[in-house]
Amino acid sequence: MYIGRVLSVLRDGRTLIGLLRSYDQFGNLVLQDTVERIAAGDCYSDIDRGIFIVRGENLVMVGVLDGDAEDALPLREVPVDDALNMQRMYLDSRLARERVENSVLHAIGFSTDAPQDDTY
């Protein structure tokens, strides 16, 4: 069975794209020619990672990529540093928005001091 290129989203938020070479009953993956995609707005950048082994417990989602649909997206490739800076600005603005939302929720009686880790 040939699956081809897959997109994998990890629990820490990273997005990996690579050729699926192997998987097992625990959801562990072996990806070849892997790139880590950094996306921010309508821009993206890819960082070469080579062969990548993903433990199943760190996997959130896996999907087969449609090359034609990916090429039709209105995204432009930018240098890695620019993509990382844009992603950092987006995350900072999201954290600021969440702080405001949490203060409003706290003011009306909701608890907003839950641990901020990656558990589900």
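Above: the structure in question.
We now turn to the structure provided with this report. (Residues numbered from 1 in each chain as written. Predicted model: local features only at pLDDT ≥ 70, side-chain atom pairs only at ≥ 80, totals over all residues. Heavy atoms only, no water.)

For the rest of this paragraph, the subject is helix 2 (residues 80-107). Over its 28 residues, helix 2 extends 41 Å from the first C-alpha to the last, a length consistent with the 40 Å expected when each residue adds 1.5 Å. Glycine 109 lies just past helix 2 and shows a positive phi near 105 degrees. (Helix = DSSP H or I, 4+ residues; strand = E, 2+ residues; numbered from the N terminus. Expected span 1.5 Å × (residues − 1).)

Further remarks concern the pattern of salt bridges. Tallied over the full model, the rule gives 5 salt bridges. Measuring nitrogen to oxygen at the nearest pair gives 2.8 Å for the salt bridge that ties aspartate 46 to arginine 37. Between arginine 94 and glutamate 98 there is a salt bridge, with its nearest N and O atoms 3.7 Å apart. In this pair, arginine 94 and glutamate 98 both sit in helix 2, 4 residues apart, roughly one turn of the helix. (Salt bridge = Lys/Arg side-chain N within 4 Å of Asp/Glu carboxyl O.)

Attention now moves to the side chain of glutamate 36. Looking at where glutamate 36 falls in the secondary structure, it is placed in strand 3 (residues 29-40). A relative accessible area of 7% means that glutamate 36 is categorised as buried. A distance of 2.7 Å separates a polar atom in the side chain of glutamate 36 from a polar atom in the side chain of arginine 49. Not counting chain neighbours up to four residues away, the residues in contact with glutamate 36 comprise Arg14, Thr15, Leu16, Ser45, Asp46, Ile47 and Arg49. (Buried < 20%, exposed > 50% of the residue type's maximum accessible area, 1.4 Å probe, protein only. Polar contact = N/O pair within 3.5 Å; in protein donor to acceptor, adjacent residues only side chain to side chain. Contact = heavy atoms within 4.5 Å.)

A few words on a nonpolar patch on the surface. Taken together, Leu105, Ile108 and Phe110 make up a surface patch of nonpolar side chains, about 300 Å² in accessible area. Tracing the backbone through its elements, the reader meets phenylalanine 110 in the segment after helix 2. (Patch = residues over 30% accessible without salt bridge, like charges linked within 9 Å, V, L, I, M, F, W, Y side chains within 5 Å. Areas by Shrake-Rupley, 256 points an atom, 1.4 Å probe, with all protein chains shown as cover.)

Both strand 3 and strand 4 (residues 43-54) contribute to a ladder of 10 bridges, which runs antiparallel. Paired with leucine 31 across the bridge in strand 4 is phenylalanine 52. Taking the residues between adjacent antiparallel strands as the criterion, strand 3 and strand 4 are bridged by 2 residues, where glycine 41 takes a positive phi near 65 degrees. (Pairing = 2+ DSSP bridges.)

Here the focus is the pairing of strand 3. Two strands pair when backbone bridges link them, and strand 2 (residues 15-23) and strand 3 are joined in this way by 7 bridges, in the antiparallel orientation. The partner of leucine 16 across the bridge, within strand 3, is glutamate 36. Between strand 2 and strand 3, which pair antiparallel in sequence order, lie 5 residues; one of them, glycine 27, sits at a positive phi of approximately 85 degrees.

A separate point is the sheet that holds strand 5 (residues 59-64). Read across the open sheet, the 6 strands follow the order 5-1-2-3-4-6; overall the sheet is mixed. Both edges of this open sheet fall to strand 5 and strand 6 (76-77), since each of them pairs with a single strand only. Across the face of the sheet, helix 2 comes into contact with strand 3 and strand 4 while running at roughly 65 degrees to strand 3. (Axes fitted to C-alpha atoms, helices over the stretch in contact; angles between N-to-C directions.)

Shape is all these values report; function is a separate question.
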